[in-house]
Amino acid sequence: MARRLTWLAVGVVVTVIVIRKGRTVVETYLPAGTTDAIDGAQRVTHAVATLKSEFLAGMAEREAQLRHDLVGDVDVDALRAERPERVEKLRRAWSSRRGEDWAGPTEDPDDDDGYTFF
């Protein structure tokens, strides 16, 4: 355990030294405005990341609002679990009425021409 902590401490010290020396080398050999341009690019990158996270949060909030408006306070996972039973019930009801087999809820039973709209 002590050996691991020692090597961890050595790694931290070496990292700090490399970062400080790297900054002095960058400031020494790069032109004067380069670090400002790099800082500006980092700020733009941060702004884009913030915009993306805010957009995704807003999109998730709007999706939740639309889902609530569509199905109310019903558990969507429970509806998905009940779907096969509802489809089978509709299939049995359709078959008993028409005497034909019903392909499913996405098929148009009155489509005699065979054209699809999907």
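Residues numbered from 1 in each chain as written. Predicted model: local features only at pLDDT ≥ 70, side-chain atom pairs only at ≥ 80, totals over all residues. Heavy atoms only, no water.

J.: Kindly report on the overall build of the chain, identifying the contributing residues and their values.
T.: What the chain contains, in helices and strands, is 3 helices and 0 strands. Mapped from its N terminus to its C terminus, the chain presents α and β elements in the order α-α-α. For the chain, the proportion of its 118 residues judged to be buried stands at 5%. Just so you have it, the chain exposes about 10800 Å², and 60% of that area is on carbon and sulfur atoms. (Helix = DSSP H or I, 4+ residues; strand = E, 2+ residues; numbered from the N terminus. Buried < 20%, exposed > 50% of the residue type's maximum accessible area, 1.4 Å probe, protein only. Areas by Shrake-Rupley, 256 points an atom, 1.4 Å probe, with all protein chains shown as cover.)

J.: Talk me through a nonpolar patch on the surface; I want residue IDs and the actual numbers.
T.: Nonpolar side chains collect at one region of the surface, where Met-1, Leu-5, Leu-8, Val-12 and Val-16 lie side by side and expose about 530 Å² of accessible area between them. Its place among the elements puts Leu-8 in helix H1 (residues 2-29). Under the relative-accessibility criterion, Leu-8 is labelled exposed at 53%. (Patch = residues over 30% accessible without salt bridge, like charges linked within 9 Å, V, L, I, M, F, W, Y side chains within 5 Å. Salt bridge = Lys/Arg side-chain N within 4 Å of Asp/Glu carboxyl O.)

J.: Before we move on, could you go through helix H2 (residues 34-71) and cite the residues and values that matter?
T.: In this model, H2 (38 residues) spans 55 Å end to end at C-alpha, consistent with the 56 Å of a helix rising 1.5 Å per residue. Just past H2, the residue Gly-72 takes up positive phi, approximately 75°. (Expected span 1.5 Å × (residues − 1).)

J.: With reference to specific residues and values, describe the pattern of salt bridges.
T.: Per the counting criterion, the structure on display carries 3 salt bridges. A salt bridge links Arg-80 to Asp-77, with the nearest nitrogen and oxygen atoms 3.7 Å apart. Of this pair, Arg-80 and Asp-77 both sit in helix H3 (residues 76-98), 3 residues apart, which is roughly one turn of that helix. The pair formed by Arg-80 and Asp-77 is uniform in burial state, with each residue classed as exposed. Between Glu-82 and Arg-86 there is a salt bridge, and its shortest N-O distance comes to 3.8 Å. With Glu-82 and Arg-86 both in helix H3, this residue pair falls 4 residues apart, about one helical turn.

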